[in-house]
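# A structural walkthrough
Chain residues, written in single-letter form:
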Amino acid sequence: MNLLKLSWKYLTFRPLSTGLNVLLLGLGLAIMTVLLLIQDQLEKKMTAEAAGIDLVVGAKGSPLQLILSSIYHVDFPTGNIPMEEAEKLAKNRLVKGVIPLALGDNFQGFRIIGTNYDYLKSYQADLSDGKLWEKPFDVVLGHEVATQTSLKNGDEFAGSHGISVGSHDHEQHNYKVTGILAPQGNVLDRLVLTSIESVWLTHDEQSEGDSTAMESIQDQDVFDIPVTQTGFPSSEIPREITSLLISYRNPMAAIQLPRMINSRTVMQAASPAFEMARLFELLGVGVSLLKGLAFVLLGISGIGIFIALYNSLKERKYDLAILRTIGATQFQLVLLILLEGLMLTTIGAFFGIGFGHIFLQLLISSNEQSVVSGIQAWEFLPEELWVLTYALAVGLIASLIPAWTAYKTSIARQLTRV
Amino acid sequence: MLLQSKNLRFTHPGQSRLTFPDIELQSGEALVILGKSGSGKTTFLNLLAGLVQPEAGEIQLAGTVFSSLTPKKMDQFRGKQIGIVFQKPHLIAALSVLENLQLATYFSKNKSQDLNELLSELGILDKANSSVLTLSEGEAQRVSIARALINQPKLILADEPTSSLDDVHASSVVNLLKYQAERIGAALIIVTHDQRVKSHFSNFIEIGTQ
């Protein structure tokens, strides 16, 4: 028998009150943990996915929307830009690298992105199976797309128009899987990658849906021409792409290029760093609200623990007096009450951190195709030690007054009062 | 002389001063202090237990003068040298019978006692691991006696140990206290208004009669 064990016995002697307090504290701390994890990982992930992309150029509209649709593939694209203009921009001396993107279709909700090999290179993505696309309608699947649709190398599928599920299917020509990417832990996992030519041809078919059989046969040749692997694809007729991912040649470009594009072309330029900072600022309101709620819960649980200890102390004044008569010192009684508060909150803290990770796991598994899907639920942060510290602080503060009461309890008076 | 008290006086706030008779007890001796309620007999017991400080006078147990001890040292001294049996058992409800006794050895830092032997002597060995909430009144009182005896104190103080018991149980509790105190060589003081106790002892004083 020792003080720790005695405190524990007192805690388990009142399972309902103890349970309620652990639950309250756990909930507050769980919210904190979830916020910590999401904030940390989302920011890290979003920064990592935008690495190497200094500027996104696309059709005029919301710059945030342009960034979200072209880098993170979550929002709808702002529209298309003429390829001629894009090519002109690529030749600018301030531009170091350019990756063109053509969006427009999806397969079971996974976006089909027309691009070139440079896009994969910029993410240092490796294939786990097969080879990269060489002809129109060859596609490479992201790891998660392959797992969820169970498509394998050599399989064929029809894309649907639009970037979300539920639109009509392109029935004229099927895509053919030539390769599957190794797991990347970024946006590539959720993408179907192909050449820009594939995207163009799909939509040519659609606009010429009722073309004659003769034209279709002639078109067959087009499907066998090898596609462009880097830079812009060549085309005889004016073509459109969705956006350009640009990297700067020198810091000067950051000042001149966006202004030049926004004022002198029909396109707009958006900086991922700037737009994401703006987004996090907007989200910040919600985050502060949740944080506030977490602190309110912490406060309530602190009061709950205080009341529980204080009430139990009233019932236990006789116990305390008895403990003193069998040789316990005043300090040992103080320690007993403090230990009780701290033990309660430590359990609450571990519950909270555990709950937090489980909540996050649920959040991720119910949103497999959204931005949160790449977050790791079971990654532990050093900041979570702060959660433990908060909990212990709550326990300490809540048990100070009861402990002081225990210190001052007069044994003789307690024992005389029957 | 094991226990000695001299010229003890105490005043409760707003009440008249209480004076207590001097007592002297040898090891193994027993004393009954009789008195009506309000006569100050519980105060006398609290003084002898070192739970309250006297206004004047001196108490000495086994060569230690109470007034020379700091409050912390007094707590430790009481834990080791004085066993107290209360009117009601007042066991720690969150603990089992055995744990209640272990607690007493923990706080007095006295680890050498054979708890099971003591429990079997008091006839409650089979209850060792049960919750104290399941005990009958008589069993609970025996556990509280075991708790007072566990550290082999020099002095056993009992405050109205029989008041809530019937004749049979009262007599067995008194005999138990008397026998155990003699066995470990402790001085025994029973404070009571219960006249039934008197018949078991030759040595008694009455207080609060003047």
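Below is a short write-up of the structure.

### Describing the sheet that holds strand E8 (residues 155-159) of chain B
Residues and elements named next belong to chain B.
- Spatial strand order, E7-E8-E9-E4-E10: five strands in an open sheet with parallel pairing. The open sheet terminates on both sides in strands that have one partner only, identified here as strand E7 (82-85) and strand E10 (204-206). The sheet shows a mean angle of 15 degrees between the axes of neighbouring strands, taken without regard to direction.
- Note: strand E4 (residues 30-34) against E10, three bridges, orientation parallel. Following the sheet pairing, leucine 34 is matched in E10 by glutamate 206.
- Against the sheet, helix H1 (residues 41-48) contacts E4, E7, E8 and strand E9 (187-192), and its axis sits at roughly 155 degrees relative to E8.
- Contacts from helix H2 (residues 71-81) reach E7 and E8 within the one sheet, and its direction differs from that of E7 by about 75 degrees.

### Looking at the packing of aromatic side chains
- Here the structure, examined in full by the defined rule, presents 13 aromatic pairs over all chains.
- Between Phe107(A) and Phe157(A), the ring centres sit 4.1 Å apart and the planes meet at 35 degrees, which makes this aromatic pair tilted. Here the residue Phe107(A) occupies a position in strand E3 (residues 95-107), and Phe157(A) occupies one in strand E7 (residues 156-157), the gap between them amounting to 50 residues.
- We classify Phe107(A) as buried; its relative accessible area is 8%.
- By the ring-pair criterion, three or more aromatic residues cluster together here, those being Phe107(A), Phe137(A), Phe157(A) and Tyr175(A).
- Arg316(A) extends its terminal NZ or CZ atom over the ring of Tyr10(A), reaching a point 3.9 Å from the ring centre.
- Between Lys178(B) and the ring centre of Phe201(B), over which it is positioned, the NZ or CZ distance is 5.1 Å.

### Thoughts on helix H12 (residues 384-408) of chain A
All names here are of chain A.
- Across its 25 residues, H12 extends 37 Å between first and last C-alpha, which sits within 8% of the 36 Å expected from 1.5 Å per residue.
- Approximately 40 degrees is the largest bend angle found in H12, and it occurs at leucine 400, with the proline proline 402 only one to four residues beyond.
- Along H12, the residues that are buried comprise Glu384, Val387, Leu388, Ala391, Val394, Gly395, Ala398, Ser399, Pro402, Ala403, Thr405 and Ala406.
- Contact partners of the buried residues in H12: helix H2 (15-49), helix H10 (272-325) and helix H11 (330-365).

### Here's the deal with the interface of chain B and chain A
- Facing 28 residues of chain B, the contacting portion of chain A comprises 25 residues.
- Here chain B and chain A share an interface that buries about 2,500 Å² over both sides, 69% of which is from carbon and sulfur atoms.
- Area buried by chain B at its contact with chain A is led by Asp75(B), Tyr106(B) and Phe107(B), which between them contribute 25% of it.
- Between Lys9(A) and Glu99(B) there is a salt bridge, with the nearest N and O atoms lying 2.9 Å from each other.
- Inspection of the region where chain B meets chain A yields four residue pairs in polar contact (both at pLDDT 80 or more).
- Of all the secondary-structure elements, those providing two or more residues to the side of chain B that touches chain A are H1, H2 and helix H3 (97-107) of chain B.

### Brief notes about the packing of H10(A) against H11(A)
Residues and elements named next belong to chain A.
- Running from N to C, H10 and H11 cross one another at 150 degrees; their axes reach a closest spacing of 11 Å. In terms of orientation, H10 and H11 fall into the roughly antiparallel class. Crossing angle aside, the handedness with which H10 passes H11 is right-handed. Residue-level contacts link Ile305, Leu309, Leu313, Arg316, Leu320, Leu323 and Arg324 of H10 to Gln330, Leu333, Leu336, Ile337, Glu340, Gly341, Leu344 and Thr345 of H11.

### Observations concerning the nonpolar core
- One finds Leu323(A), Leu103(B) and Leu177(B) to be the most contacted residues of the largest nonpolar core, which totals 82 residues.
- The element best represented in this core is H11(A), accounting for nine residues.
- Non-local contacts of Leu177(B), meaning those with residues more than four positions away in its chain, are made with Val85(B), Ile145(B), Ile156(B), Ala158(B), Pro161(B), Leu188(B) and Ile190(B).
- Counting 37 residues, the second-largest nonpolar core is a separate cluster that includes Ala321(A), Leu31(B), Leu45(B) and Phe77(B).

Analysis parameters
Residues numbered from 1 in each chain as written. Chains lettered and ligands numbered in written order. Predicted model: local features only at pLDDT ≥ 70, side-chain atom pairs only at ≥ 80, totals over all residues. Heavy atoms only, no water. Pairing = 2+ DSSP bridges. Helix = DSSP H or I, 4+ residues; strand = E, 2+ residues; numbered from the N terminus. Axes fitted to C-alpha atoms, helices over the stretch in contact; angles between N-to-C directions. Contact = heavy atoms within 4.5 Å. Phe/Tyr/Trp six-rings, centres within 6.5 Å; stacked < 30°, edge-to-face > 60°. Buried < 20%, exposed > 50% of the residue type's maximum accessible area, 1.4 Å probe, protein only. Lys NZ or Arg CZ within 6 Å of the ring centre and 35° of its normal. Expected span 1.5 Å × (residues − 1). Bend = angle between axes of the 7 residues up to and from the residue. Buried area = accessible area lost by both parts, 1.4 Å probe. Salt bridge = Lys/Arg side-chain N within 4 Å of Asp/Glu carboxyl O. Polar contact = N/O pair within 3.5 Å; in protein donor to acceptor, adjacent residues only side chain to side chain. Parallel < 35°, antiparallel > 145°, perpendicular 65-115°, else oblique. Left-handed = near helix turned anticlockwise from the far one by under 90°. Core = buried A, V, L, I, M, F, W, Y, C linked by side-chain atoms within 4.5 Å.

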